[in-house]
Amino acid sequence: MNWAARIWSRTLRSSFSTLIETNIEKPYYLVSVACGFPKNILRSKFRLGKFGDDAWFITSTKKADVIGVADGVGGWRSYGIDPGEFASFLMKTCERLVQCTHFNPTSPVNLLSHSYCELLENKRSISGSSTACVLILNHENSTLYTANIGDSGFIVVRGGQIVHRSEEQQHYFNTPFQLSLPPPGLDNVLSDRPESADTMNFPVEKGDIILVATDGVFDNVPMKLLVDTLSEVEGEEDPVKLQMCANSIALIARSLSFDSEFMSPFSINARRNNINTMGGKPDDITVVLASVVI
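This is a predicted model, so every value here is computed, not measured.

Q: Before we move on, can you summarise unusual backbone geometry with the specific residues and values?
A: Negative phi values dominate among residues other than glycine, just as trans dominates among peptide bonds. With a phi angle near 55 degrees, S142 is a residue other than glycine that sits in the positive phi range. As for its position among the elements, S142 is in the loop between β5 (128–138) and β6 (143–149). Residue S142 is classed as buried on the basis of its relative accessible area, which comes to 12%. One non-glycine residue, N174, lies in the positive phi region at around 60 degrees. Inspection of the secondary structure assignment puts N174 in the loop between β9 (170–172) and β10 (175–176).

Q: Describe the nonpolar core, and please don't skip the residues or the numbers.
A: By size, the foremost hydrophobic cluster in this structure holds 29 residues, and its most contacted members are V66, F86, L90, M91, F103, L111 and L112. Secondary-structure elements contributing two or more residues to this core are β3 (54–60), β4 (64–72), α2 (83–98), α3 (108–121), β5, β6 and β11 (179–181). Element by element, the count of residues in this core is highest for α2, at eight residues. Excluding anything up to four places from it in sequence, F103 contacts K63, A64, V66, L97, V98, L111 and I136. Grouped together as the second largest cluster of nonpolar side chains are 26 residues, F218, V221, L242 and L289 included.

Q: So, the side chain of D284: which residues are in play, and what are the values?
A: Counting through the fold element by element, D284 comes out in the loop between α7 (265–272) and β14 (285–293). No salt bridge is formed by the buried D284; the nearest opposite charge belongs to R77, separated by 6.1 Å. For D284, the side chain forms a polar contact with the main-chain nitrogen of K39, separated by 2.6 Å. A distance of 2.9 Å separates a polar atom in the side chain of D284 from the backbone nitrogen of D53. Once residues lying within four places of it in the same chain are set aside, the contact partners of D284 are F37, P38, K39, F51, G52, D53, D54, T214 and G216.

Q: How would you sum up the environment of A132? Please name residues and give values.
A: With respect to the helices, strands and loops of the structure, A132 is situated in strand β5. A132 has contacts with V69, A70, L90, M91, L112, A147, N148 and I149, leaving out every residue within four places of it along the chain.

Q: Break down the pairing of strand β8 (residues 161–165) for me, citing the residues and quoting the values.
A: Summarising the sheet, strand β7 (residues 153–158) and β8 pair through four bridges and their orientation is antiparallel. What sits directly across from R158, in β8, is Q161. What sits between the antiparallel neighbours β7 and β8 is a turn of two residues, in which G159 has the positive phi angle 65 degrees.

Q: So, the packing of helix α5 (residues 223–231) against helix α6 (residues 239–257): which residues are in play, and what are the values?
A: For any two helices packed against each other, the geometry comes down to the angle between their axes and how far apart the axes lie. Relative to each other, α5 and α6 sit at 160 degrees, their axes nearing to 10 Å. In terms of axis orientation, α5 runs roughly antiparallel to α6. When you trace α5 past α6, the crossing you get is right-handed. Where α5 approaches α6, its residues L225, L226, T229 and L230 are matched on the opposing element by C245, S248, I249 and I252. Of the residues belonging to the contact of α5 with α6, the class tally is six nonpolar, two polar and no charged.

Q: Tell me about the pattern of salt bridges, and please be specific about residues and values.
A: Side chains that differ in charge, positive against negative, can pair when their charged atoms come close. One pass over the structure, following the stated rule, counts ten salt bridges. Of the charged contacts in the structure, one is a salt bridge between D219 and K281, with a shortest N-O distance of 3.4 Å. Here the residue D219 occupies a position in the loop between α4 (215–218) and α5, and K281 occupies one in the loop between α7 and β14, the gap between them amounting to 62 residues. Each member of the pair, D219 together with K281, is buried. K224 is the partner of D228 in a salt bridge, and the nearest nitrogen-oxygen pair spans 2.8 Å. Pair noted here: D228 and K224 are both in helix α5, with a separation of four residues, about one helical turn. K224 gets classed as exposed once you look at its relative accessible area, which sits at 61%. Among the charged side chains, a network of salt bridges with common partners joins R158, E205 and D208.

Q: Residues and numbers for the sheet that holds β14, please.
A: Within the open sheet, the five strands sit side by side as β1-β14-β13-β7-β8. Their pairing is antiparallel. A strand with exactly one partner marks an edge of an open sheet, and here the two such strands are β1 (29–37) and β8. The mean angle between the axes of side-by-side strands here comes to 25 degrees, regardless of whether they run parallel or antiparallel. Relative to β14, strand β13 (residues 209–213) runs antiparallel, the two being bridged by five bridges.

Q: Describe in detail the confidence of the model for the chain, supporting the description with residues and values.
A: For the chain, mean pLDDT is 92; residues scoring 70 or higher make up 92% of the total. Low pLDDT, under 50, characterises residues 16–23; the stretch is placed with zero contacts to residues that sit more than four places away or in other chains.

Q: For the packing of α2 against α3, give the residues involved together with the corresponding values.
A: One way to put it is that α2 packs onto α3 with a least axis distance of 9 Å and a crossing angle of 125 degrees. The angle between α2 and α3 falls in the class oblique. Relative to α3, the crossing made by α2 is right-handed. In contact with F86, F89, L90, M91, T93, C94, R96, L97 and V98 of α2, α3 contributes L111, L112, H114, S115, Y116, E118 and L119. By residue class, the composition of the contact of α2 with α3 is eleven nonpolar, three polar and two charged.

Rules used throughout
Residues numbered from 1 in each chain as written. Predicted model: local features only at pLDDT ≥ 70, side-chain atom pairs only at ≥ 80, totals over all residues. Heavy atoms only, no water. Helix = DSSP H or I, 4+ residues; strand = E, 2+ residues; numbered from the N terminus. Buried < 20%, exposed > 50% of the residue type's maximum accessible area, 1.4 Å probe, protein only. Core = buried A, V, L, I, M, F, W, Y, C linked by side-chain atoms within 4.5 Å. Contact = heavy atoms within 4.5 Å. Lys, Arg positive; Asp, Glu negative; His and termini not counted. Salt bridge = Lys/Arg side-chain N within 4 Å of Asp/Glu carboxyl O. Polar contact = N/O pair within 3.5 Å; in protein donor to acceptor, adjacent residues only side chain to side chain. Pairing = 2+ DSSP bridges. Axes fitted to C-alpha atoms, helices over the stretch in contact; angles between N-to-C directions. Parallel < 35°, antiparallel > 145°, perpendicular 65-115°, else oblique. Left-handed = near helix turned anticlockwise from the far one by under 90°. Nonpolar A, V, L, I, M, F, W, Y, C, P; charged D, E, K, R; others polar. pLDDT = per-residue confidence, 0-100.

Put into structure tokens, the structure is as follows:
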């Protein structure tokens, strides 16, 4: 009798343990890829994490997956300053700080702020300006935390529709919010704080497709075309197929940016601001594409 009771007890414990394991929610992760083009391919040298004046990063820890893009403001070139260096330093520092013990997987603003502070305190002065967009998928609660400064941004597609998107921040037409460090003697420069970023947080679902991109994409590719293209890879976990989709979006953006007869999103916005223009907007293009998986 005792022998039978012991077997029954073990069976119950085993069944209960299996039930608990079945009900435990597995964390969500990102499978991420990147693609892009510099505006002037012939004059640009290839550097990992850069497309012209754009910069990007993809990194992960046990706590979170993190992706980001930044767009160096091209106007600094007329002052003899490389616009891409500011954006590149900002993103590379973010990537490194994610691996530090004080990294907070719920605050992309803190990540940007610490990166920006390092830039300001750098012994080698890196002047310039940049927009920035950083996303953190927290593994603990499967929540996506976002921070966007300027006109780079993101969209999340689910079921063939946009369920979340960033808000573009502009001081006035074609003058986005930006983090800045002017050279000595140049004071009248637009400069926003990392804390001014538009922030969001929301739970993700398995199969969600996330596009993070610079304005070279959003200024040239109609939103419907973006959503239709992204919908084709909803639920996709194969990085090769995701890479093909990212390549396709980047190629579409580049092609349309040099089409002088295309009524681009940029041209539509320009006309709303009483600027009569037509065609795409040639620019650096950066696409970071991520799929939410278990």
